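Letter by letter, the chains look like this.
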Amino acid sequence: MKYLDEYRDSTAARILLDSIRRRVSRPWKVMEVCGGQTHGLLRYGIEEELQGTVELIHGPGCPVCVTPLESIDFAQQLSMMHTVSGHDVVLTSFGDMLRVPGSRGSMLEAKARGAQVRTVYSPLDAVDLAKKNPKQKIVFFAVGFETTAPATALAVKQAANDGVDNFSLLVAHVRVQPAMEALLESPHNRVQAFLAAGHVCAVMGCASYESLVQKYQVPIVVTGFEPLDLLEGILMCVEQLEKGEARVEIAYARSVRSEGNLSAQRIVDEVYEVCDRPWRGFGVVAKGGLQLRGEWHKFDAQRRYMSCHTLPVIEPRECRSADVLAGRIKPLECEAFGRECTPDAPLGAPMVSSEGACAAYFRYRTPEAGR
Amino acid sequence: MCLGIPGRVIRFTEEEMPFAKAEVEFDGVRRVVHMACVPEAIVGDYVIVHAGIAITRIDPIEAQRVFDELAALGDDEGWKHDTP
Amino acid sequence: MMGDPHKNAVFSLNCPSTAHANNDRVLLAHGEGGRMMRKFIRDTIIQRLAGDRLAGERLLSMDDAARLPKIEGPIAMTTDSFVVSPLFFPGGDIGSLCVFGTVNDLAVSGARPLYLSLSLILEEGLSISVLDRVLSSIVVAAKQTDVQIVAGDTKVVPRGAADGLFINTTGIGQLIEPIMLGPSRLREGDELIVTGPIGRHGIAVLCAREELALEPSPTSDCGSLATAAAALHEKLGASLRAMRDATRGGVAAVLHEWADACRLTLAVDESDVPVSSDVRGACELLGLDPLHIANEGTMLIAVEQGACDEAIAVLRALPETRQAARIGSVVSKQASPVTITRMFGRQQPLDEPQGAPLPRIC
C-alpha cells in the first residue's frame, strides 16, 4: 500500500537506526505521546533496538485509556437503560472502547447482561444507524483526541442537517497539549524531548507547541506512526538534544502542516468548546477536554439522559495504570503486569486497549526480556 | 490515538460541503469517506482517513523527502559502511 | 399443540387462515411433532436435500438412525456447530460453511469424508425461502465434496432463542492410512506452509455483519480442503507432519496450539505470509492483524524439512490452494512459543488473538 509499505522498509529503517546510534553521546529520554506510536515502536522492535541509546517513555496518548471511569460507567448505564425505562438506547462506539473495563466490567461484559451495544467504524455510521432505526435512540460514545473530534463534530452536524433526533453524543474527547504541559510541570518529569502525535497535529497543527518549547526548553518533533516515521522523529529529537537546541520540528510533513487543518479546526470549533476534564490517571486536566457548545446541547447524551444515575466509581487498587499513563513507570514495573493483569483479564485500560502501553508490552515484548 | 490510513481518492459521490463524500481506495477495498476537512483534495490524491473522515491530504513532495535524505545518508561514507 | 387455544387465538389475530396454510415462515408448530412437522420435514427439508439420490432415500425413510455399510479400517468422527451471523456472506453462507467446516475437520485429520448428519435449529419466524437457500447450498457443497447427508434433525425454537438458524453437522470419515498426523509430531527444522491468502472468511463476515460498507465486499475463502489434504497425504506420506484448518483465531491461534503441543517454537516471517489485497486494505483500515482472522478454506500445514517444495508444488497444482506459501519453520524452544520477524531480522513474539476482532480507531 502506497505511503505504508515504503515506510516499513527494513533497509531504510536500519540506516536511520544507525544514524541515531552514531549521533547519541549519552542516553536520552524521549516520550512518544501517542499510543499508536508506542504500538509501532514495540511491534517493529524499535524500542528494543534503541536500548541504551534512547529510552522511550510511553505517553498518555491512548484516549480510551484516559477516558475517566465515570464516563465509561455512564455509557454502560445508558446501554442498560432499555431494561429499566422507556428509552430504547443503543450505545455505539469504537471496538477498542468496548473492551475497556469500567467500575463493573467492560461494555462487552455489560452486553452479556443485556446491554445494547454496537461497534461502529465511524461516528457517521452511527448517524446512519439512527436513521435506519428511528424507534431506537442511538448514542455515540465520543472518545478520542483532537484527531477524532472532527469526525464526531461532523456527525452532529449531519444529524442536525438531516433532522435525526434519535442521535446523540456522549462526549469524552480529550486534548493532548494540556496533558503534555501537565507532564512537564510534574516534579517527576523525566522527559527530555517529545515525539508529538502526528495525527493530532494533522488536525491541530503544531504552532501552539512553540510556547511549550520556549517555557520548558524541550524539543518537540511531530512524528508519524510507521517505522521510518518513528525513527526519523527520534533522529530529529536526538539531533536537537545533542546540539542543546529546543525547537518544534515536523518529521511527518507529508501529513502535517504547521497551522494544521483549518477546515477541520473550523468544524470542531463550531461544535465544541474547551473544558476541564478528568483524565484517568491524571485527575482533572485544566482545558484537557472538549464539550458540546450550547447550541448543540440537544445532541448531548449527558443532558438528554440526566435521569440516568450511575453507581459509585470503583478503581481497581492493584492497578498502576495512572503511573504508566503519566510515564512514571514502565508496564513491567507494575506488580500486577502479566500476573493478575493480562489482556484476557485486564485491571486497567492500558492493558486492554490496542494502543495501551501495557497491552503493547504484553503483545510484543519477549517474556524474558521483561521480568 | 488515531489509526489513520492513507487511501487514494477515486471519485466524489457527494460534492457539496460540508457533507462531501468520496470513494477512497485502500489497497483492495474502497469505502465512502467524508471529505469535509480536505476541500483541496481532488481525485487521485491520497488522504489520511480516520474514523470515516479524511483528516489531511498527503503531500507527495514531502513524502519523498525522507527517501532523499536516506539516499544522502547512504552516500555518506560513514553510513554506507554500516548499512546492509 | 394445534389444539392449544391460546396459541390459536393469538394466531388468528394475525392471519385468518390456519397455520397449516402459512408456508412462508417457520412456525413453532413445525417442530412440535405430528402431521405438520412430518410434512414440513419431508416436503421442505428432505426434498431439497434429496438431490443426492442415495442420501435422499436414507433420509426419506425417516428412520431413527441411518444404517450405513461397513467401512474398512479405522474411522474419524467430528462434530461442529455453526452459528454464523449473517447467515449469508460474500463467498458462502451457513449452508456451505456447515458442510465444508466438518469436511475440512475430517480432511485435516487424514480422513476421507464420507457421511454427515445435519441438525437444524430454526428460529420461529425464519423465512422458508431463507431455509431453502441454505439447504440448496448444503446440497451443492455436499456434492462437491462427495459426502452423503445420512441423518438429520429439526427443531424450532421461539423467536429470539436463536439467531435465524443454527446448524450442527457431525461427520464420519475413513482414515486413509494409519499415519498419525498431529502437532505433537513436529520436529525442529520442520517447515510451515499456509495453503492460501489468510483472513478472508473473518474479514468477509465482519464486513457483512458490521455493515462496514467496503467495496468490493471482501469474499470468504469458505471451501473444501479435502482434495488438497488427500493429495498431500498421497504425495508426501510420512513427511507430512500436521494439518489444521485455521478457523477461529486465525493462523496465529493454530501456531500457538501447535507450539503448545510440540513444546518447540514456531517462527514465521511476516513478509512471507500471503494476504489478499482486500483483506490487507480492510485490516489496515480497521486496525486488525490478518494472522488473527478466521479462515474457512485455508489451512496451516507442517512438513518435514526438505519436503516443503514438493508440498507447495502439490498445493499449487490445485485451484483452491494455488497461492500456497511457506511462512516459517519450527525452531528450538525459545522464550516465546510463536515468533514473527517483521523488521531488523528480529524474532518477536506473535501474540494469541484476544476475543473477536473488532474495528478499532486507536
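Residues numbered from 1 in each chain as written. Chains lettered and ligands numbered in written order. Predicted model: local features only at pLDDT ≥ 70, side-chain atom pairs only at ≥ 80, totals over all residues.

Side note on the packing of helix H9 (residues 149-161) of chain A against helix H14 (residues 262-271) of chain A
Angle between the axes and distance between the axes are the two parameters that describe a pair of packed helices.
Residues and elements named next belong to chain A.
Okay, step 1: The interhelical angle for the contact between H9 and H14, taken along N-to-C directions, is 60 degrees, at an axis separation of 9 Å. With respect to each other, H9 and H14 are oriented oblique. For the crossing formed where H9 meets H14, the hand is left-handed. Counting all contacts with H9, which are made through Ala149, Pro150, Ala153, Leu154, Val156 and Lys157, the residues of H14 involved are Ala264, Ile267, Val268, Glu270 and Val271.
Okay, step 2: Tallied by class, the residues present in the contact of H9 with H14 amount to nine nonpolar, no polar and two charged. (Axes fitted to C-alpha atoms, helices over the stretch in contact; angles between N-to-C directions. Helix = DSSP H or I, 4+ residues; strand = E, 2+ residues; numbered from the N terminus. Parallel < 35°, antiparallel > 145°, perpendicular 65-115°, else oblique. Left-handed = near helix turned anticlockwise from the far one by under 90°. Contact = placed C-beta atoms within 7 Å. Nonpolar A, V, L, I, M, F, W, Y, C, P; charged D, E, K, R; others polar.)

A short note on the sheet that holds strand S1 (residues 75-82) of chain C
All names here are of chain C.
Okay, step 1: Judged by pairing direction, the sheet is mixed, and its four strands sit side by side in the order S1-S6-S4-S5 without closing on themselves. Of all the strands in the sheet, just S1 and strand S5 (148-157) have a single pairing partner and so form its edges. Between one strand axis and the next, the sheet turns by 15 degrees as a mean value, whatever way the strands run.
Okay, step 2: For S1 and strand S6 (residues 165-175), the ladder comprises eight bridges, and the chain directions are antiparallel. The residue bridging Phe82 from the neighbouring strand is Ile167, located in S6. (Pairing = 2+ DSSP bridges.)

A closer look at the sheet that holds strand S3 (residues 89-93) of chain A
Residues and elements named next belong to chain A.
Okay, step 1: Taken together, four strands build an open sheet; the order of strands is S6-S3-S7-S8 and the sheet is parallel. Because the sheet does not close on itself, it has two edges, and the strands there are strand S6 (117-119) and strand S8 (167-173). Each neighbouring strand pair of the sheet contributes to a mean axis angle of 25 degrees, computed without reference to strand direction.
Okay, step 2: Sheet topology note: the S3/strand S7 (residues 137-144) ladder contains four bridges and is parallel. From the neighbouring strand, Leu91 faces S7, where its bridge partner is Val139.
Okay, step 3: In the packing of helix H8 (residues 123-132) onto the sheet, contacts are made with S3, S7 and S8, and the angle to S7 comes to roughly 175 degrees.

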